[in-house]
4 protein chains.
Amino acid sequence: MTIATSATVGVALFGLGRAGSFHIQSLGLAAEEAQLRWVFDVDAEKRSAFARRAGCRAAADPREALADPAVDAVIVATPTQTHFGHVFPALEAGKAVLTEKPLGVSIEEIDRCFAAAAAGQPLFVAFQRRFDPSFAELVDRAHAGEIGKLQFVRSVSRDSPVPSLEYLRTSGGIFHDCVVHDLDMVCQIIGENPTRVAAFASNFLPEIRALDDFDNATVSLAFPGGALATIDVSRASAFGYDQRIEVFGDAGMIEAGNRPRTSVTRASSEGNFGARIDHSFPTRYRDAYLAELRAFLACVRDGKPAPISHAQVRLNHQLADAAEESARTNRVVFL
Amino acid sequence: MTIATSATVGVALFGLGRAGSFHIQSLGLAAEEAQLRWVFDVDAEKRSAFARRAGCRAAADPREALADPAVDAVIVATPTQTHFGHVFPALEAGKAVLTEKPLGVSIEEIDRCFAAAAAGQPLFVAFQRRFDPSFAELVDRAHAGEIGKLQFVRSVSRDSPVPSLEYLRTSGGIFHDCVVHDLDMVCQIIGENPTRVAAFASNFLPEIRALDDFDNATVSLAFPGGALATIDVSRASAFGYDQRIEVFGDAGMIEAGNRPRTSVTRASSEGNFGARIDHSFPTRYRDAYLAELRAFLACVRDGKPAPISHAQVRLNHQLADAAEESARTNRVVFL
Amino acid sequence: MTIATSATVGVALFGLGRAGSFHIQSLGLAAEEAQLRWVFDVDAEKRSAFARRAGCRAAADPREALADPAVDAVIVATPTQTHFGHVFPALEAGKAVLTEKPLGVSIEEIDRCFAAAAAGQPLFVAFQRRFDPSFAELVDRAHAGEIGKLQFVRSVSRDSPVPSLEYLRTSGGIFHDCVVHDLDMVCQIIGENPTRVAAFASNFLPEIRALDDFDNATVSLAFPGGALATIDVSRASAFGYDQRIEVFGDAGMIEAGNRPRTSVTRASSEGNFGARIDHSFPTRYRDAYLAELRAFLACVRDGKPAPISHAQVRLNHQLADAAEESARTNRVVFL
Amino acid sequence: MTIATSATVGVALFGLGRAGSFHIQSLGLAAEEAQLRWVFDVDAEKRSAFARRAGCRAAADPREALADPAVDAVIVATPTQTHFGHVFPALEAGKAVLTEKPLGVSIEEIDRCFAAAAAGQPLFVAFQRRFDPSFAELVDRAHAGEIGKLQFVRSVSRDSPVPSLEYLRTSGGIFHDCVVHDLDMVCQIIGENPTRVAAFASNFLPEIRALDDFDNATVSLAFPGGALATIDVSRASAFGYDQRIEVFGDAGMIEAGNRPRTSVTRASSEGNFGARIDHSFPTRYRDAYLAELRAFLACVRDGKPAPISHAQVRLNHQLADAAEESARTNRVVFL
């Protein structure tokens, strides 16, 4: 088992883009637990400038960082389709790894990574919603029986703003990029693997249609114990980043809603007005990313396995495949 | 004791204006309990037209209705300053009487009415907020100990729209017309008579200033057991009829808020938008007026005393006087 | 065209059970527009007692009422499976008819009724949610373009309490009894006929399983213009009658939520507590039933066609069939 | 004018208790703008341990830190009654100073400090509520005319948990310790100095009565332009740290409410349940303390005066005195 070699975990961060920036913020808040030693980015200037400012080293090649025994853990925050290419060597080098999903673009890549982590180093595939304080509370309370037997879950996710075309091109499509998060939450809440999936999808934005991708989708799931679920997602929410879950049980309902940016409301002759919700994921999930980093660091420090298992990562990938197949063929897909 | 002579209470209604109209609506909904037999209004045409439509008799003189033994109860809904002139003869004729506050313009008139009701007929001086489902629930729960020892009450009342100048001229002023309702609720909630009153008042509307009346006022009250209260009122709320109460106790807080007109909300890039609250008192207090009428009819039927006592009606009048005195003299008034 | 023969519409009411009682309440509030002349119920004692109290006539046979020329309109509030048996003769007798859905148990019965109404008398098949103030406002505002192009609708309906076994036995099943209301609203909002339906259903309550019926269901719909919709329903909501609609467009989102019974909230060390929502449909849809009756009376008075067309009633029936077929076969059904 | 001698502001922090801890958190988040160079605390062990961990120096005597030219700014976070003793020498040493109110226990101490800052170094007396995102937004929008002419303000503040007896003993009493924050906000919102103050106060907690202090108070204020205000405070809120402001204008109302800790709600047969609000000031005002620190650092860097003027600090002190005098004498106090 990989255990941090000193009180604080030595970290290398690969990728200084959108995902890298919120990991940097989290590392600042968890400064007593982790020390950033190396950064890598394909942009040489960016990595050098950042390293100077942060007082760490810039790697021209990721292998420099992997060769440093002071590095206990690698955070892979590079573009989605390069995750496997960075995660696999890091695991082979014996490092603990944290990466946002996806781990790879296929079940094979997923399996190879978990095989490479067989020595015991934590391989932490982060579905960050699990670490959102509101969603985590919802899951805990649903599992604690507060609303009785769980019969139905609705998960809604709407992006704001629409991701860039550059991002969308390599995103893997709406099912693997977005819906997979909802699938992960829904299955975690119900606590079973679904048996049937039905999905519809459509595209209103021409640039998304041109990619043969979708900007709207619904997914229905049936579980062996009788529970049902629906998921609805959109790439373009005009009113901010809309991420909610509703769980219905035979003794009540639990909802985790959005949060307005401030608590200010106004009453006028036109009605009552509240603040906008958070605009996008870096603010909405700020606390989640920090909680996720702390959970990862605890795994590294204590040699514990990551809380999201190989089976769960596999299932999420397969369900996203199944949902996409259903949407493209207009058939119910059995699992 | 006056007890209705048949299963349904025979009613005479004096006044077919603003107040009369919501009593008529309530009588329609309580049709199985009460039968409208007479109406009186100073406008001969109005009373005749209404009587024809409603299938009852129109009194050219209120005494015609009072002389009818089929009339068990009189509802006085004439202009404020004429209440006493109608209530007193009705009580002397042995009828049960329902009137919205004020009963009279002085303590003397109040005392004479209750003396005239000494034979036992119900004299029901309606402070309609007591019958509002939300306010009534708040009072019951505060008294049931849900929030522990009561330490503070805030009552807010804002008119919408601004009453007509014609009405304001005979309204008795903001303290006797508006604040008295808040005083009634605050004292009912605390369950004590206050010992000190401090009030400030101001006027932004020139037409109200011209009447030597106020359009904004605050009142603070101190009670013997240590509880405190504040009241704030306005004659001109731009966003609808704003009537709320907050009670703070050492184990929690209970609030009774406004209700939006519908449950529709909208999220946009500007924020979250809810419906307007009820515009004015006939809609906000529709349920209260019905509950108040039913409570009155129950008193008539069962020969029970009215739920608002002589002492409470007197106290409300004296407190309104004290608050106005405080506002006009800038002194704390002791009671 | 059937036009009321006097200022007020002469009404016969068939059925004095659950549905009859809210029509009676509405007739009391619309007394100036309609006069109840006849009632019929299979329970002879019930109809006689009611007629005595209400001052109308009791029909031992519905044909007595249909033969009376003073009857302009018939309200059919008998058990679901008997609707056609009462509606059809009433239409043949030239009367305007108001009935809650379903009009009949098959497309054939629906078509025969509308054929019988070809002379022009209003045949008003009431989907009462259309007349709910909040839902009606949601539809109007969505159609007015407030949230741009409509892309997604979610409709949720949860019964409270669970209907009686007696009722369930003749209810037609969850798709024809419940989901049909959601289908009606969803299609009205989108303004298109869906092309594909996918449904899952399950049963947690043994007594419902024994009827080969379901207590939970989800339905997904795809529309030709790209809009998608989900419906989720339950027979057993522990927290009250849960009826909500959410509409998502490219410029925002409109929701129509439940209403708490009072505006009272409480803050304590455990959190913030609000009132229960309305328990069941007679209170939740009280305003809707009144609005629906007034709309019907206006049709009768003015000889206007009913606002819900033959095509819409047919479509709702066919969609409920399609959803049930999808749930029973686990296939996507194309329309 | 004192301007930071390098890109980042060199900071000394005096006091490592409750107030110190949230300044330390803020300094961590503003690491790119400020560098902590010295800490001082009367507890030698605490200051040494902290300095070791944070990589700064521990001062046995505050004068060591004041003598260091690398120190641009001093944050005074020592107990309330020692503020003046630390602030004054720091200003005399030419350092910029940030301290939470109070600056001193008398008008004389306040005046002496501002005289000592006459050379131009920022003296930033922090009323942290001004920097709370919700309150700051409320003020900006009220001043921008969103609700027309301002006529009334209500400010409520309720502590949770009850401060320790040790703290209360030196707190200066409820008017100088708590109410002064509400007075600051109310006067900032109205933009005038009040002319009359009326206050009532009481004590339910025996330990607070024993200190001749109060645990509940209400204050009313009248402003020259006609605006009115009420303040109500409590030392013991059972449901968390309750801090709200409501502003009423002739075109509407703006409120800044509390925030629940998570967005999770639950519906049950008992009603709807939301999360608790923040428990106490370090969490409620976390963002405010950070914003306040950033505002201070900007003053130091750019040589700008602090946003809260000498006149405002004086006025707040005088108003707290006046309110206490009113409460103790039961008289309206004129200013």
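Our subject is the structure that appears above.
Conventions and cut-offs
- Residues numbered from 1 in each chain as written.
- Chains lettered and ligands numbered in written order.
- Predicted model: local features only at pLDDT ≥ 70, side-chain atom pairs only at ≥ 80, totals over all residues.
- Heavy atoms only, no water.
- Least-squares fit on C-alpha atoms with pLDDT ≥ 70 in both.
- Contact = heavy atoms within 4.5 Å.
- Buried area = accessible area lost by both parts, 1.4 Å probe.
- Salt bridge = Lys/Arg side-chain N within 4 Å of Asp/Glu carboxyl O.
- Polar contact = N/O pair within 3.5 Å; in protein donor to acceptor, adjacent residues only side chain to side chain.
- Helix = DSSP H or I, 4+ residues; strand = E, 2+ residues; numbered from the N terminus.
- Nonpolar A, V, L, I, M, F, W, Y, C, P; charged D, E, K, R; others polar.
- Pairing = 2+ DSSP bridges.
- Axes fitted to C-alpha atoms, helices over the stretch in contact; angles between N-to-C directions.
- Phe/Tyr/Trp six-rings, centres within 6.5 Å; stacked < 30°, edge-to-face > 60°.
- Lys NZ or Arg CZ within 6 Å of the ring centre and 35° of its normal.

Attention now goes to the relation of the copies chain C and chain D. When chain C is fitted to chain D, the best match, at an RMSD of 0.1 Å, comes from turning it 180° and sliding it 0.0 Å along the axis. Between the two chains, the operation in question is that of a two-fold axis. Minimal C-alpha distance to the rotation axis in chain C is attained by C:F273, lying at 2.3 Å.

This part is about the interface of chain C and chain D. With 13 residues of chain C at the interface, the matching set in chain D holds 13 residues. Buried area between chain C and chain D, both sides added, is near 970 Å², and the carbon and sulfur share of it is 53%. Between chain C and chain D we count 0 salt bridges in total. Linking chain C with chain D are 6 residue pairs in polar contact (both at pLDDT 80 or more). Among the elements that take part in the side of chain C that touches chain D, strand β14 (residues 271-274) of chain C stands out by supplying 4 residues, more than any other. The residue inventory of the side of chain C that touches chain D, partitioned by class, reads 6 nonpolar, 5 polar and 2 charged. Sheet analysis places β14(C) next to strand β14 (residues 271-274) of chain D, joined by 3 bridges and oriented antiparallel. Looking at β14(D), one finds that C:N272 is bridged to D:G274.

Residues and elements named next belong to chain C. Strands sit in the order β3-β2-β1-β4-β5-β6 across an open sheet of 6 strands; the sheet is parallel. The outermost strands of the open sheet, each flanked by one partner alone, are β3 (57-59) and β6 (123-126). Between one strand axis and the next, the sheet turns through 25° on average, direction left out of account. Two strands pair when backbone bridges link them, and strand β2 (residues 34-40) and β3 are joined in this way by 3 bridges, in the parallel orientation. Following the sheet pairing, W38 is matched in β3 by R57. Against the sheet, helix α4 (residues 83-92) contacts β1 (9-14), β2, β4 (73-76), β5 (96-100) and β6, and its axis sits at roughly 165° relative to β5.

This next bit is on the packing of aromatic side chains. Applying the stated criterion to the full structure yields 34 aromatic pairs over all chains. Note on B:F14 and B:F40: the rings are 5.9 Å apart at their centroids and 80° apart in plane angle, and the pair reads as edge-to-face. Of this pair, B:F14 sits in strand β1 (residues 9-14) while B:F40 sits in strand β2 (residues 34-40), placing them 26 residues apart in sequence. In textbook terms, an aromatic cluster arises when at least three aromatic residues are bridged by ring pairs, as seen for A:F124, A:F131 and A:F296. Over the ring of B:Y167 we find B:R18, and its NZ or CZ is 4.9 Å from the ring centre.

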